[in-house]
Amino acid sequence: MINQVPNLETCWYLSPPWGQEIPPLEVSLLEKVYVTTTKSFGYCCGVEWSAKGWSYEIVSSNDNLTVLGREIIGTGNLQLVTKEKPVFELGELVEFRFHGDGPPARIVQGIQLICDS
């Protein structure tokens, strides 16, 4: 079990020094951004405070990049978070086409999003 008090104290001291304001974020979560260092577009999927300021986690071409605010340019376009409903339901009996041995009928025991499919 994690002791929450030392965990809170650690996060508390990693905050900006007292008497100073926390700088505003450059971009919003899920906003499309242009990364100047890699000359590519991506979406902001996370933000973290570091000693150098805000660090942004950018998903670009199936890679995650961690960049500072001065390395990105926001576009103002937000990505929708809607996902399509899965084709199968949990517990459903489905038939697959396999090229190997084994029965083609299987029970769906879990669903996972892989490569946006």
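Note that the structure is predicted; figures quoted are calculated from it, not measured. (Residues numbered from 1 in each chain as written. Predicted model: local features only at pLDDT ≥ 70, side-chain atom pairs only at ≥ 80, totals over all residues. Heavy atoms only, no water.)

**Looking at the overall build of the protein chain**
To keep things clear, this is the line we draw: What counts as a helix is a DSSP run of H or I of at least four residues, what counts as a strand is a run of E of at least two, and both are numbered from the N terminus. Under the scheme applied here, a residue whose accessible area is under 20% of the maximum for its type counts as buried, over 50% as exposed, and between as partly exposed, the area being computed with a 1.4 Å probe on protein chains only. Contact definition: two residues touch when any of their heavy atoms are within 4.5 Å. Per-residue accessibility takes into account occlusion by the displayed protein chains alone, with areas from the Shrake-Rupley method and a 1.4 Å probe.
Within the protein chain, the regular secondary structure consists of 1 helix and 7 strands. Starting at the N terminus and walking to the C terminus, you meet the elements of the protein chain as α-β-β-β-β-β-β-β. Here the protein chain holds 117 residues, and the buried ones make up 17% of them. Intrachain contacts of the protein chain at a sequence separation of at least 6 include 36% that bridge at least 24 residues. Looking at the protein chain as shown, the accessible area adds up to about 10000 Å², and 56% of this sits on carbon and sulfur atoms.

**Focus on the pairing of strand E3 (residues 53–60)**
The side chains of a regular strand alternate, residue by residue, between the two faces of the sheet. In plain terms, the rule: Here the rule is simple: two strands pair whenever DSSP picks up at least two bridges between them.
Pairing of strand E2 (residues 40–50) with E3, which is carried by 7 bridges, proceeds in the antiparallel orientation. What sits directly across from tyrosine 43, in E3, is valine 59. As consecutive antiparallel partners, E2 and E3 are separated by 2 residues. As judged from the 6 bridges shared by E3 and strand E4 (residues 63–68), these two strands associate in the antiparallel manner. Considered in E4, the bridge of isoleucine 58 is made with leucine 65. Counting the residues between successive antiparallel strands, the hairpin from E3 to E4 contains 2 residues, one of them, serine 61, with a positive phi of roughly 55 degrees.

**Digging into a nonpolar patch on the surface**
Let me state the cut-off plainly: The patches reported here contain residues having more than 30% relative accessible area and no salt bridge. Joining distances are 9 Å for like charges and 5 Å for nonpolar side chains (Val, Leu, Ile, Met, Phe, Trp, Tyr). Basic side-chain nitrogens of Lys or Arg form a salt bridge, by our definition, when they fall within 4 Å of a carboxyl oxygen of Asp or Glu.
A surface patch of nonpolar side chains, amounting to about 290 Å² of accessible area, comprises Val87, Phe88 and Phe96. By relative accessible area, which is 34% here, phenylalanine 96 ends up partly exposed.

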